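A structural walkthrough
Listed here are the chains, written in short residue letters.
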Amino acid sequence: ETGVTQTPRHLVMGMTNKKSLKCEQHLGHNAMYWYKQSAKKPLELMFVYSLEERVENNSVPSRFSPECPNSSHLFLHLHTLQPEDSALYLCASSRRGGEYEQYFGPGTRLTVT
Amino acid sequence: EDQVTQSPEALRLQEGESSSLNCSYTVSGLRGLFWYRQDPGKGPEFLFTLYSAGEEKEKERLKATLTKKESFLHITAPKPEDSATYLCAVQADNYGQNFVFGPGTRLSVLP
């Protein structure tokens with residue numbers, strides 16, 4: 001595997017389900033990010049982890065819970081989501097948080113029914 | 001309030017017809033401006049980073065430039081495979097480790 005991978009690629013869940021999104025980076029980077037991309041809206045940064053420590057949390061509802069067990073893996077745990085949470089969820093990594101370019105995974109298309 | 005805007009929202013070009021996309025920002029303490037390309041259903045693909053006014057970067061048919069208020073992505077003699085959404089993002093001193101993305105320009109190059 002190369003670059004940034006995400007699983008699953010597609011997910012349909014009910015509002016009462018609990019699911020997790022997984023991201024893995026094979027680039028030796030130290031920072032990882034979760035973004036939400038909704039139709040007609042700019043990319044929204046949700047969480048930033050640098051050296052496995054959460055350094056940014058942009059007013060994201062508590063029904064989204066990130067986890068970064070090591071610098072190569074990032075999870076987004078989902079529970080009791082709302083239909084408006086349906087979106088493309090993108091993971092990215094960079095050499096270090098801040099001024100370095102990010103490399104994105106292919107995303108998970110989430111549909112909440 | 002800090003803002004990142006892009007224009008036009010959508011652009012249709014004939015193959016070979018050169019043009020420019022604009023990214024305007026109103027942040028203080030710019031640390032970096034980034035250009036990405038995004039194909040439908042895929043994650044953004046990194047193109048360029050610009051750090052200071054006057055800087056230019058080139059890659060194949062694309063050239064990115066930066067001033068103190070805006071960046072341009074010039075596309076010379078585009079081909080249909082250049083069709084995509086082009087995103088710019090900004091990182092600034094008061095952002096911590098946050099990035100702010102613009103809404104994107106959707107480019108279509110017709111054969």
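An account of the accompanying structure is given in this report. (Residues numbered from 1 in each chain as written. Chains lettered and ligands numbered in written order. Predicted model: local features only at pLDDT ≥ 70, side-chain atom pairs only at ≥ 80, totals over all residues. Heavy atoms only, no water.)

1. Thoughts on the state of the cysteines
Evaluation of the coordinates by the stated rule reveals two disulfides over all chains. Residue Cys23 of chain B pairs covalently with Cys88 of chain B via a disulfide, S to S 2.0 Å. Residues Cys23 of chain B and Cys88 of chain B are joined by a disulfide whose S-S torsion is about 75 degrees; by sign, that bridge is right-handed. With Cys23 of chain B in strand β3 (residues 19–25) and Cys88 of chain B in strand β9 (residues 84–92), this residue pair connects regions lying 65 residues apart in the sequence. An identical accessibility class is assigned to Cys23 of chain B and Cys88 of chain B; each is buried. This cysteine, Cys68 of chain A, is not joined by any disulfide, and Cys91 of chain A carries the nearest cysteine sulfur, 9.0 Å off. (Disulfide = S-S within 2.5 Å. Helix = DSSP H or I, 4+ residues; strand = E, 2+ residues; numbered from the N terminus. Buried < 20%, exposed > 50% of the residue type's maximum accessible area, 1.4 Å probe, protein only.)

2. Overview of the sheet that holds strand β7 (residues 62–66) of chain B
Sheet strands pair by backbone hydrogen bonding; their relative direction is either parallel or antiparallel. Residue and element names in this part refer to chain B. The five strands lie next to each other as β1-β3-β8-β7-β6, forming an open sheet whose pairing is antiparallel. For this open sheet the edge positions go to β1 (4–7) and β6 (56–59), each flanked by a neighbour on one side alone. Adjacent strand axes in the sheet meet at a mean angle of 15 degrees, parallel and antiparallel pairs treated alike. (Pairing = 2+ DSSP bridges. Axes fitted to C-alpha atoms, helices over the stretch in contact; angles between N-to-C directions.)

3. Details of the pattern of salt bridges
Residue and element names in this part refer to chain B. The tally for this structure, following the rule as stated, stands at seven salt bridges over all chains. The partner of Asp82 in a salt bridge is Arg61, and the shortest N-O contact between them spans 2.8 Å. Highlighted residues: Asp82 in the loop between β8 (70–75) and β9 and Arg61 in the loop between β6 and β7, separated in sequence by 21 residues. (Salt bridge = Lys/Arg side-chain N within 4 Å of Asp/Glu carboxyl O.)

4. Topic: the environment of Val60 of chain A
Residue and element names in this part refer to chain A. Looking at where Val60 falls in the secondary structure, it is placed in the loop between β6 (53–57) and β7 (64–70). The class for Val60 is buried, based on a relative accessible area of 17%. Once the C-alpha coordinates of Val60 and His79 are considered, the two residues, 19 residues apart in sequence, prove to be 13 Å apart. Other than its neighbours up to four places away in sequence, Val60 contacts Met46 and Phe47. (Contact = heavy atoms within 4.5 Å.)

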